[in-house]
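Single-letter residue listing:
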Amino acid sequence: MNGKYNASKLALGLIKDGMTIGIGSGSTVEVFLNLLGERIKREGLRIYGIPSSYQSMLAGLKNGIILTDLVEREPDICIDGADQVDSRLNCIKGGGAALTREKILAIASKKVLILVDKSKLVEKLSMPVPVEVLPFAYGYVVKKLSSICKPKLREGKGKVGPIITDNGNFILDCDFGVIENPEAVEKELRSIAGVVENGIFLSELIDAVIVGGDYSAEIIKK
Ligand code: 5RP
């Protein structure tokens, strides 16, 4: 918890009155939003936010963020978490199944900042890559994916059967083992009809990663 808190605390200093934030999802983003909420109250800031999930929408509302969308505003900064970050700052995201809107927000934002605790740092990406799939295309996509990785349909907790994303789709967690070439895997996943989005966020999308440790945090830039 301290790592998430320390990373969030450092990121908080980059937020200025009147900014629009692309709000990622997950527990680290929630820690950040709670801290931002305290600043909004204390300093009377007006902060706009475009949430990537119902989770971040509710956390944004609770913390006094003015919710908006990509029609009204362009995000100045996207704040998000990640499940793994490699030594070149490529990330795997989608542990919370919000990867599609998260990637759209990252692409649409002027700057992208990823907050992680140090347990997320790895030399090479190696965890299963979440892939959001249109339910209609599920059978076809599983067949295609099975020739390049081991896909597993993500099941719900507190619900039988597959989880359904905020966009009404399935998630396949795709095990590629150690990913030597994230660019190639990302491109291949993107090329499959019925794949809505994949959880590889290439470093070209990311401006900096803030890594939180037990007592402090540091910014890693490319
Ligand atoms: C959600 C995500 C999250 O950012 C990622 O899973 C990290 O979550 P947490 O901050 O809870 O560790 O990609 O889709």
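Residues numbered from 1 in each chain as written. Predicted model: local features only at pLDDT ≥ 70, side-chain atom pairs only at ≥ 80, totals over all residues. Heavy atoms only, no water.

### Observations concerning the packing of aromatic side chains
- With the rule as written, the count across this model stands at one aromatic pair.
- Look at Tyr-138 and Phe-170: their rings are 5.6 Å apart centre to centre, the planes differ by 80°, and that puts the pair in the edge-to-face class. Residue Tyr-138 is located in helix 5 (residues 138-146), and its partner Phe-170 is located in strand 10 (residues 170-175); the two are separated by 32 residues in the primary sequence.
- Looking at Phe-170, the relative accessible area reads 14%, which means it is buried.
- For Arg-73, the ring lying beneath its charged end belongs to Tyr-48, and the centroid distance is 3.5 Å.
- The side chain of Lys-103 reaches across the aromatic face of Phe-201, ending 5.2 Å from its centre. (Phe/Tyr/Trp six-rings, centres within 6.5 Å; stacked < 30°, edge-to-face > 60°. Helix = DSSP H or I, 4+ residues; strand = E, 2+ residues; numbered from the N terminus. Buried < 20%, exposed > 50% of the residue type's maximum accessible area, 1.4 Å probe, protein only. Lys NZ or Arg CZ within 6 Å of the ring centre and 35° of its normal.)

### So, the domain arrangement of the chain
- Domain annotation for the chain reports domain 1 (2-119 + 202-221) and domain 2 (129-199).
- On a C-alpha basis, the centres of domain 1 and domain 2 stand 24 Å from each other.
- Contact with domain 1, which involves 17 residues of that partner, is made by 18 residues of domain 2.
- Between domain 1 and domain 2, a total of about 1,400 Å² is buried, with carbon and sulfur atoms accounting for 53% of that surface.
- At the junction of domain 1 with domain 2, the criterion picks out three salt bridges.
- Where Glu-197 meets Lys-103, a salt bridge forms, and the shortest distance between an N and an O atom there is 3.0 Å.
- Linking domain 1 to domain 2 there are 11 residue pairs in polar contact (both at pLDDT 80 or more).
- Counting residues per element, the ones that place at least two in the side of domain 1 that touches domain 2 are strand 6 (91-92) and helix 4 (99-108).
- At four residues, the largest contribution of residues to the side of domain 1 that touches domain 2 is made by helix 4. (Domains from an automatic or database assignment. Contact = heavy atoms within 4.5 Å. Buried area = accessible area lost by both parts, 1.4 Å probe. Salt bridge = Lys/Arg side-chain N within 4 Å of Asp/Glu carboxyl O. Polar contact = N/O pair within 3.5 Å; in protein donor to acceptor, adjacent residues only side chain to side chain.)

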